[in-house]
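# An overview of the molecular structure
If you want the building blocks of each chain, they are given just below.
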Amino acid sequence: MAVVQSKEVVKQGEVLQQPRVDEKLMKPGKYEITNETTFTVPIYAREKDGRWVLMTGPGKGIDINTVVFRMWNYNEEIEIRKLATSYDAGKRVHMIDNDALNRFKVQRLMVSWTFDKDNPRLRIQHSNRVLTDESWAAFTQLQPNFISFILDEMNKVLEFNG
Amino acid sequence: MSNELGGIMGSGLQAEQIARQECEELYDPDHVRVRVRTSWKMGFCLPDEDGDSEETAVFATMTFGDNFAIEKGTQYEVELGEKMTGGKATTHVTDIVEYKRLLVKRNLLGWSLDIPIERDESGWMTPECYERVSSVPAPLMESFVRKFEESVEVSEEEEKRIDRQCALLFSKSGHGVADACEAVSLFCTLGNFSEKFGISRDYLPKMSYKEFLLLKIMISKESDSSRHNAPKGGGGGALSQIIGPGGRARPSRGTKIALP
């Protein structure tokens with residue numbers, strides 16, 4: 001004798017918790033950050049006496065490079081700040097290690113740069129959306145004035161609202 | 001001339017804005033509305049004091065219970081150095097960064113952004129909703145959260161003002177303070193109206209202002225008369241004092257007052 005299985009009873013609450021198909025297909029709202037939400041830091045530099053000097057804008061003999069960063073969303077900000085914050089039991093205050101904070105920002109938010117156009121060794125690569133150790137090492141090998149400028153410009157957008 | 005008129009009009013608008021905000025706080029004490037001036041730069045919405053648009057967010061007023069629960073959830077144990085304690089000891093510390101994430105999940109009720117806020121039956125934001133909410137630009141959300149936190153925090157300056165005014169108010173020769181700060185004003189007004197007439201914080205904003213004024217005058221008169229009639233020389237004087245309207249001190253109910 002054939003056995004007819006009873007229909008599975010679906011609780012109403014469970015149905016409501018599942019996202020609607022049309023909502024799943026919906027594009028992100030205009031305020032939402034996506035992987036394409038980026039900003040670019042332009043770097044103008046001229047070679048002088050064997051080293052690169054930063055310039056304020058384009059001009060004759062000035063090399064132009066760019067670094068692209070992703071805008072961080074609130075969740076990422078919380079995660080990154082947590083990594084750079086520690087509690088000083090002696091002083092009874094929370095301390096933010098700004099160097100570590102900048103490192104985490106670069107490692108997680110830097111998308112690409114043009115310093116690799118003549119040198120494939122400087123190509124930026126990611127693993128799990130974080131810069132690989134080699135790419136981070138390449139960043140740290142830039143001239144200190146370049147690094148300082150890139151960090152300042154990055155923080156102007158991320159911390160000081162552009 | 002037109003500049004002067006502009007200035008007057010400007011200050012009038014500002015006065016209205018402040019009055020509107022105070023009304024919101026008085027009549028809707030369960031919600032905190034924060035406004036952030038914004039502008040679109042590089043394709044995303046960022047806070048900008050000179051911006052041409054404004055975004056608003058409505059938070060549930062931070063209650064003792066909310067704060068207690070969030071602090072419990074974000075606490076972790078820290079070992080104190082042996083130098084400090086003379087042995088191994090630990091203390092509990094609140095993770096201030098995680099606290100901000102839970103604050104949004106617990107207290108953000110609505111906003112002008114195109115992301116709907118959904119909550120479950122227990123009042124917490126649903127995980128799906130938080131996923132979208134947390135994807136807004138961090139500086140924008142930070143501005144909302146910072147402004148909300150300002151409504152909760154007691155600033156260092158405010159605390160100093162309370163210290164100064166309380167030193168005057170509770171001194172033996174204290175006759176009250178001029179330009180009472182919010183803490184003193186709340187303490188005196190709510191304390192007196194609740195003790196004398198059983199009028200709670202919820203009812204006070206709806207009370208007829210004339211009745212409020214009349215009762216305030218009466219409390220003041222009673223306070224003055226009690227002070228005049230109190231025995232001189234300190235013997236048998238009031239041990240504790242309850243503060244009257246405008247910061248005036250008067251003997252508490254439990255103190256014997258000599259009849260005229």
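Residues numbered from 1 in each chain as written. Chains lettered and ligands numbered in written order. Predicted model: local features only at pLDDT ≥ 70, side-chain atom pairs only at ≥ 80, totals over all residues.

With that settled, consider the overall build of chain A. When helices and strands are tallied, chain A shows six helices and eight strands. Classification of the 162 residues of chain A by burial places 17% in the buried group. (Helix = DSSP H or I, 4+ residues; strand = E, 2+ residues; numbered from the N terminus. Buried ≥ 20, exposed ≤ 12 C-beta atoms within 10 Å, placed from the backbone.)

Here we take up helix α5 (residues 133-140) of chain A. One turn of an α-helix holds 3.6 residues; hence residues three or four places apart share an orientation. Residue and element names in this part refer to chain A. Those residues of α5 not exposed but buried are Ser 135, Ala 138 and Phe 139. Taken end-on, α5 shows its buried residues confined to a sector of 100 degrees, consistent with a single buried face. Turned more than 90 degrees away from the buried face of α5, the exposed residues are Asp 133, Ala 137 and Thr 140. (Arc of directions from axis to C-beta.)

Where the model shows low pLDDT, its predicted coordinates should not be examined in detail. Per-residue confidence for chain B gives a mean pLDDT of 81; residues scoring 70 or more make up 82%. Scored below 50 in pLDDT, residues 234-260 of chain B makes 63 contacts in the model with residues more than four places away or belonging to other chains. (pLDDT = per-residue confidence, 0-100. Contact = placed C-beta atoms within 7 Å.)

In this section: the pairing of strand β2 (residues 51-55) of chain A. Residues and elements named next belong to chain A. Examined bridge by bridge, strand β1 (residues 38-48) and β2 share five bridges and lie antiparallel to one another. Pairing of Tyr 44 across the sheet is with Met 55, part of β2. Linking two consecutive strands that pair antiparallel, namely β1 and β2, is a turn of two residues; a positive phi of about 50 degrees is found at Asp 49 within it. (Pairing = 2+ DSSP bridges.)

Bring the parts together and some accessible area is lost; that lost area is often taken as the interface size. Across the contact, 25 residues belong to chain A and 31 residues belong to chain B. Residues of the side of chain A that touches chain B, tallied by class, amount to 10 nonpolar, nine polar and six charged. (Nonpolar A, V, L, I, M, F, W, Y, C, P; charged D, E, K, R; others polar.)

Once that is clear, we can look at the packing of helix α3 (residues 74-84) of chain A against helix α4 (residues 96-107) of chain B. Running from N to C, α3 of chain A and α4 of chain B cross one another at 160 degrees; their axes reach a closest spacing of 8 Å. Here α4 of chain B runs roughly antiparallel to α3 of chain A, going by the angle between their axes. Remark: the crossing between α3 of chain A and α4 of chain B carries left-handed chirality. Taking contact as the criterion, the partners of Ile 78, Arg 81 and Lys 82 of chain A in α3 of chain A are, on α4 of chain B, Val 97, Glu 98, Lys 100 and Arg 101 of chain B. Its residues placed into classes, the contact of α3 of chain A with α4 of chain B shows two nonpolar, no polar and five charged. (Axes fitted to C-alpha atoms, helices over the stretch in contact; angles between N-to-C directions. Parallel < 35°, antiparallel > 145°, perpendicular 65-115°, else oblique. Left-handed = near helix turned anticlockwise from the far one by under 90°.)

All names here are of chain A. Ordered in space as β2-β1-β3-β6, the four strands form an open sheet in which the pairing is antiparallel. Edge strands, defined here as strands with exactly one partner in the open sheet, are β2 and β6 (110-113). Put simply, the sheet's adjacent strands are angled 35 degrees from each other on average, direction ignored. Its contacts with the sheet put helix α6 (residues 144-158) on β1, β2 and β3 (63-70), and the angle it makes with β1 is roughly 155 degrees.

Residue and element names in this part refer to chain B. Put simply, helix α2 (residues 64-74) and α4 touch, their axes get as near as 10 Å, and they point 140 degrees apart. The orientation of α2 with respect to α4, classified from their angle, is oblique. Handedness of the α2/α4 crossing: right-handed. Contact residues: α2 offers Asp 66, Ile 70, Gly 73 and Thr 74, while α4 offers Glu 98, Tyr 99, Leu 102, Leu 103, Arg 106 and Asn 107. Taken together, the residues of the contact of α2 with α4 break down into four nonpolar, three polar and three charged.

The next point concerns the sheet that holds strand β2 (residues 44-47) of chain B. All names here are of chain B. Strands sit in the order β2-β1-β3-β6 across an open sheet of four strands; the sheet is antiparallel. Looking at the sheet topology across the chains shown, the edges are occupied by β2 and β6 (108-111). Neighbour-to-neighbour, the strand axes of this sheet turn through a mean angle of 40 degrees, independent of strand direction. Examined bridge by bridge, strand β1 (residues 31-41) and strand β3 (residues 53-60) share eight bridges and lie antiparallel to one another. For His 31, the partnering residue across the bridge sits in β3 and is Ala 60. The strands touched by helix α6 (residues 138-152) are β1, β2 and β3; relative to β1, the strand with the most contacts, the crossing angle is about 150 degrees.

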